[in-house]
Amino acid sequence: MSKSKHELVRKMLRESEDGLTAKQITEAVGVDKDPLSRILQTMPDAYIDRWSGPTKGQYSAVWCVVVPPENCPHPTRVES
């Protein structure tokens, strides 16, 4: 069984200021397009920021991840 690539993809997206397309990620990580699609869909912090292209009539999604703030407290319950 191979090691999960989620953390590697997350790290790459956090280091990229402009986000990355699936093609850029697959070339850097060495994972096929279908597994990468599943990885991105299961990452709750990944989102499509914009679309680039068209290249050969096809648009490409530019993926980014949310970087949580360092001090992000949980909300407190207010009794009414």
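Please refer to the structure higher up on the page.
Chemist: Whenever I open this one, the sheet that holds strand β2 (residues 46-55) confuses me. Can you help?
Modeler: Sheet strands pair via backbone hydrogen bonds, and the direction of the pair is either parallel or antiparallel. Across the sheet, three strands lie side by side as β1-β3-β2; this open sheet has antiparallel pairing. Strand pairing shows two members of the sheet lacking a second neighbour, β1 (20-21) and β2, which therefore form its edges. In this sheet, strand β3 (residues 58-65) lies alongside β2 in antiparallel orientation, the contact comprising seven bridges. Residue pairing across strands places Y47 opposite C64, the latter belonging to β3. Lying on the sheet, helix α1 (residues 6-15) is in contact with β1 and β3; it crosses β3 at an angle near 95°.

Chemist: Just to check I follow, could you spell out the layout of surface pockets for this structure?
Modeler: Using a probe with the size of a water molecule, rolled over the atoms, empty space left in the structure can be pinpointed. Counted as a void, the largest pocket has a volume near 400 Å³. What lines the largest pocket is a set of 18 residues, and nearest its centre among them are A22, K23, K33, A61 and W63. Of all elements in the fold, only α2 (22-29), α3 (33-42), β2 and β3 reach the threshold of two or more residues within the lining of the largest pocket. Residue composition of the lining of the largest pocket, grouped by class: seven nonpolar, nine polar and two charged.

Cut-offs applied
Throughout this description, residue numbers start from 1 for each chain and increase along the sequence as written. With pLDDT at 70 or above as the cut-off, local features in this predicted model cover only qualifying residues; side-chain atom pairs require 80 or more to be listed or tallied, and sums for whole chains, interfaces and linings still use all residues. Hydrogens are left out, water is left out, and the side-chain values use all remaining heavy atoms of the structure. Pairing between strands is defined by DSSP: at least two bridges between the two strands are required. Think of it this way: any DSSP run of H or I at least four residues long counts as a helix, any run of E at least two long counts as a strand, and we number them from the N terminus. In what follows, a contact means two residues having at least one pair of non-hydrogen atoms within 4.5 Å. Lines fitted to C-alpha atoms define the axes, with helix axes restricted to the stretch in contact, and inter-axis angles between N-to-C directions lie between 0 and 180 degrees. Here a cavity denotes a set of grid points, spaced 1 Å apart and computed over the protein atoms alone, in which a 1.4 Å probe fits but from which it cannot get out, and a pocket denotes an open set meeting protein on both sides within 12 Å along at least five of seven lines; residues with an atom within 4 Å of a point are reported as lining. Grid points are joined across faces, edges and corners, and a volume is the space filled by probe spheres set on the points. Here the term charged refers only to Asp, Glu, Lys and Arg, the term nonpolar to Ala, Val, Leu, Ile, Met, Phe, Trp, Tyr, Cys and Pro, and the term polar to all other amino acids, Gly among them.

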